[in-house]
Amino acid sequence: MNWLDKVLIFVASLVLAILGITLILLGLGVDFWNSFAGAHDYLATNALVSFLVGAVLCIIGFYLAGNLLGEKEEEVGIVAENEIGKVNIAERVIKAYAERAAQSVEGVTGVKSKIKSQAEGLSIVLDLSTNTSVKTADTAKHVQERVMEYVSDSLGTKVTSVEVIISGVEESKPHRVS
């Protein structure tokens, strides 16, 4: 959305909010605009309709203004430039790659990730849950290697570190032979 679109939406939402406030006041009996003729006469005699229409217009106006003013740009995890142009990869995409790689390691039962983009590359922190049937230290090392290789290859960026935190463990269920 360019700046002109934002200005037009903001002005329209402001007009809706002012019109809504006017109709609410008219519905409450404050009569200060006799120039609306027919619409004014109808709304002035039907206070409830006037109040409800005004409330709806206010809500729409404030909603549009709030969304416009509160609009946030997508957080960019990586910005890479090449001869054709820029490539922006969102942080949520990097997280998805890191979590997918970690979950592919045997014994990992749950993953949450945090990504820090630094000048020298990506720093990834993984919070894991593992199964009791695996060696935790070996699983953590395997996760680090798998995530570093997978994210580097998939996104074409350097991964400087992969920190693994084992914060949970799940009991493995023994297999029964009948």
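Scroll up to find the structure.
Keep in mind the model is a prediction, meaning the values are calculated, not measured.

1. Notes on the packing of helix α4 (residues 91–103) against helix α5 (residues 136–155)
Two numbers describe how α4 lies on α5: the axes approach to 8 Å, and their chain directions differ by 140°. As summarised for this structure, α4 and α5 are arranged oblique, according to the angle between their axes. The hand of the α4/α5 crossing is right-handed. Between α4 and α5, the contacting residues are Ile94, Tyr97, Ala98, Arg100, Ala101 and Ala102 on the first element and Val143, Arg146, Val147, Tyr150, Val151, Ser154 and Leu155 on the second.

2. Some details on the sheet that holds strand β5 (residues 159–170)
The three strands lie next to each other as β3-β4-β5, forming an open sheet whose pairing is mixed. Lying at the two open borders of the sheet, with one neighbouring strand each, are β3 (108–118) and β5. Each strand axis lies, on average, 15° off the axis of its neighbour in the sheet, ignoring direction. For β3 and strand β4 (residues 121–131), the ladder comprises ten bridges, and the chain directions are antiparallel. Within β4, the residue paired with Lys116 across the bridge is Ser123. Along the sheet, α4 contacts β3 and β4; its crossing angle with β3, the most-contacted strand, is approximately 140°. With respect to the sheet, α5 is in contact with β3, β4 and β5, its orientation differing from that of β5 by roughly 140°.

3. A closer look at α4
Taking 1.5 Å of rise per residue, 13 residues should cover 18 Å, and α4 covers 18 Å from first to last C-alpha, within 8% of that figure. For α4, the complete set of buried residues consists of Ile94, Ala98, Ala101 and Ala102. Down the axis of α4, the sector holding all buried residues measures 100°, keeping them to one side. What points out from α4, more than 90 degrees from its buried face, is the exposed set Arg92 and Arg100.

Cut-offs applied
- Residues numbered from 1 in each chain as written.
- Predicted model: local features only at pLDDT ≥ 70, side-chain atom pairs only at ≥ 80, totals over all residues.
- Heavy atoms only, no water.
- Axes fitted to C-alpha atoms, helices over the stretch in contact; angles between N-to-C directions.
- Helix = DSSP H or I, 4+ residues; strand = E, 2+ residues; numbered from the N terminus.
- Parallel < 35°, antiparallel > 145°, perpendicular 65-115°, else oblique.
- Left-handed = near helix turned anticlockwise from the far one by under 90°.
- Contact = heavy atoms within 4.5 Å.
- Pairing = 2+ DSSP bridges.
- Expected span 1.5 Å × (residues − 1).
- Buried < 20%, exposed > 50% of the residue type's maximum accessible area, 1.4 Å probe, protein only.
- Arc of directions from axis to C-beta.

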